[in-house]
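Take a look at the letters that make up each chain.
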Amino acid sequence: MWAFIHKLGSPKWFYAISARLQPWFWALAILLLLVGSVWGLVFAPSDYQQGNSFRIIYVHVPAAILAQSCFVTMAVAGVIFLVWKIKIADMAAAVIAPFGAAMTFVALFSGAVWGMPTWGTWWVWDARLTSMLIQLFLYLGVIALRGAFASRDSGSRAASVLALVGVVNIPIIKYSVDWWNTLHQPATFTLTERPAMPVEMWLPLLVMVLGFYCFFIALTLTRTRNEILRRESAKRWVRELVAGTARRG
Amino acid sequence: MQVVEPKAGLGVAIAATVKRDLTLMLRRRSEVINPLVFFALVITLFPLGISPDTELLAAIAPGLLWVAALLATQLSLDTLFRGDYDDGSLEQLLLSPQPLPALVLSKVLVHWLLTGLPLALMAPVLGLMLALPVGSFAVLALSLALGSASLSLIGAIGAALTVGLSRGGVLLSLLVLPLYIPVLIFGAGAVQVVILDGNAAPHLAILGAQLCLALMLSPWAIAAALRISING
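Everything quoted here is computed from the prediction, not taken from an experiment.

Attention shifts here to the interface of chain A and chain B. Across the contact, 25 residues belong to chain A and 20 residues belong to chain B. Among the secondary structure elements, those contributing two or more residues to the side of chain A that touches chain B are α5 (127-148) and α6 (152-184) of chain A. The biggest single contributor to the side of chain A that touches chain B is α6(A), with 15 residues. Split by residue class, the side of chain A that touches chain B holds 19 nonpolar, 5 polar and 1 charged.

Below, the structure is given as structure tokens:
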């Protein structure tokens, strides 16, 4: 077990293993996303209140779920890097941060687009919207801190510490924003409470969520591989690899 | 040859750190006074920018006072470790045989004593100028005193992470301000509740809980961040 983890921690091994895994995840992601979008956007019944605008849910909800998972994943990778000094974990964390920020932005943007026809406004200071916005700022902070250091190792460790601090704070922020909102404007938005979704509606949603996750894994694998090549470019195996592909190409 | 350990325990080390930091800060009075002036100045801007109408001002005063105090605390953070980093005494602190989180905690304590506490004491005066009801002054000061201790602790993490960077100012705000939001909500909420004739005790209790959590966790994060900054 430990031997396996140590092997996985070595960039060379990870590079080899991820080469085998990555096509599967890409294929699965494309398949699920295609099936999910066509099913959700074309075949799922339209909502009796919101009409077709509810179909934004098939992008909005997966993005929002992923935005949160990414932060947790990033923090876990940060712990692994801080405690066991496994470089792969940090490379993954570096790659996940912009993706998570992008997903948070997608969730906010699609929410705004959805808000216009349903609530009649692009933005409300609703608890969930607000905590999502704060999460975007946390992501941007982690990315900015990593980039601010001249030495990559210090930047990595600082970003890991900040990701950890952030992940401890996210539940507190969520809780306080919930409290704040119920304090100031009690339940203006009952429109969000739809009747329980019928199966034809949530099954495509489930497919989309799984598709987004597969896309996340596939993209992380691919980008981590690039990061490995970049950071380890002085190593012999990378040089041989590059020379080999150059000759073949 | 046997090395003779000085008979200094943790208590002595903490007391020495507190005394040293207090002395240093009190010799640079302007650094202590600047956040307070900033606080007063920002509060002066709001009636000018919004309206001198007392009713309107009274309604938004809790939020204004809290946001201004929060920004004043945040601006003072950069000096928390900067001087020690520049003259090398931060490295001595890291090398000392005493646990770093405890020493760091005493530095944060001094920061709070000279920033958070004066801000809390000054807030009622500015509240008076914003036509805040007199009955809410005690809760305003108490909530700021409790909350600013959390702000100092959380902010010190950011200050420790950015102390090694030559231009960390704006970055520091970017890191720290999102983490301040829970404190702001309950701090301003406490004052708001008093104005509406409610009971502020739950809000103050949660501010206290946040302080406990910050006291428990942040010294470790600050210590880890300082180690990173020194090595990098």
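That covers the picture; the talk isn't over yet.
Residue and element names in this part refer to chain A. The UniProt record annotates "transmembrane region" (unreviewed entry) at residues 21-44, 56-84, 91-117, 129-149, 161-181 and 201-221. Note that residues 21-44 is 96% helix and 0% strand, and that its end C-alpha atoms are spaced 32 Å apart. In residues 161-181, the share of helix is 100% and the share of strand is 0%. The end C-alpha atoms are 30 Å apart.

Residue and element names in this part refer to chain A. In this structure, Arg128 sits in helix α5. Overall, the presence of 17 C-beta atoms within 10 Å leaves Arg128 in the partly exposed class. Distance from Arg128 to Val95, taken between C-alpha atoms, is 26 Å for residues 33 residues apart in sequence.

All right, on to the UniProt feature "transmembrane region" (unreviewed entry) in chain B then. Residue and element names in this part refer to chain B. Following the UniProt record, one finds the feature "transmembrane region" (unreviewed entry) at residues 32-50, 56-77, 108-131, 137-163, 170-195 and 201-226. Between the end C-alpha atoms of residues 32-50 the distance is 29 Å, and the span holds 95% helix and 0% strand. What you have in residues 108-131 is 92% helix and 0% strand, and the ends, taken at the C-alpha atoms, are 33 Å apart.

To continue, consider the packing of helix α3 (residues 57-84) of chain A against helix α4 (residues 87-119) of chain A. Two measures define how a pair of helices packs: the angle their axes make with one another and the distance between the axes. Residue and element names in this part refer to chain A. The interhelical angle for the contact between α3 and α4, taken along N-to-C directions, is 160 degrees, at an axis separation of 8 Å. Considered as vectors, α3 and α4 are oriented roughly antiparallel to each other. Crossing of α3 over α4 shows left-handed handedness. Its residues placed into classes, the contact of α3 with α4 shows 21 nonpolar, 7 polar and 1 charged.

Before going further, it helps to spend a moment on the nonpolar core. Grouped together as the largest cluster of nonpolar side chains are 131 residues, with contacts concentrated most on Ala93(A), Leu162(A), Leu65(B), Ala69(B), Ala160(B) and Ala225(B). Not counting residues within four places of it along the chain, the set of residues in contact with Leu65(B) comprises Ile43(B), Ala123(B), Leu126(B), Gly127(B) and Leu140(B).

Here we come to helix α8 (residues 169-195) of chain B. All names here are of chain B. At Ile181, α8 shows its maximal kink, close to 40 degrees; a proline, Pro182, follows between one and four residues later. Counted residue by residue, α8 has 21 buried out of 27 residues, so it is predominantly covered. Looking one or two places after α8, you find Asp197, whose phi comes out positive at around 60 degrees.

With that settled, the discussion passes to the environment of Leu171(B). Take Leu171(B): it is sitting in helix α8. On a C-alpha basis, the gap between Leu171(B) and Gln98(B) in space is 31 Å, while along the polypeptide they are 73 residues apart. Setting aside anything within four residues of it in sequence, one finds Leu171(B) in contact with Ala144(A), Leu145(A), Ala148(A), Thr162(B) and Leu165(B).

With that settled, consider helix α4 (residues 78-87) of chain B. Residue and element names in this part refer to chain B. When α4 is considered as a whole, its buried residues turn out to be Leu80, Phe81 and Asp84. One face of α4 carries all of its buried residues, which in axial projection span an arc of 60 degrees. In α4, the exposed positions angled more than 90 degrees off the buried face are occupied by Asp86 and Asp87. For α4, the secondary structure elements touched by its buried residues are α5 (89-95), α6 (100-129) and α7 (137-162).

About the cut-offs
Residues numbered from 1 in each chain as written. Chains lettered and ligands numbered in written order. Predicted model: local features only at pLDDT ≥ 70, side-chain atom pairs only at ≥ 80, totals over all residues. Contact = placed C-beta atoms within 7 Å. Helix = DSSP H or I, 4+ residues; strand = E, 2+ residues; numbered from the N terminus. Nonpolar A, V, L, I, M, F, W, Y, C, P; charged D, E, K, R; others polar. UniProt positions renumbered as here; feature names shortened; annotations may be inferred. Buried ≥ 20, exposed ≤ 12 C-beta atoms within 10 Å, placed from the backbone. Axes fitted to C-alpha atoms, helices over the stretch in contact; angles between N-to-C directions. Parallel < 35°, antiparallel > 145°, perpendicular 65-115°, else oblique. Left-handed = near helix turned anticlockwise from the far one by under 90°. Core = buried A, V, L, I, M, F, W, Y, C linked by C-beta atoms within 7 Å. Bend = angle between axes of the 7 residues up to and from the residue. Arc of directions from axis to C-beta.

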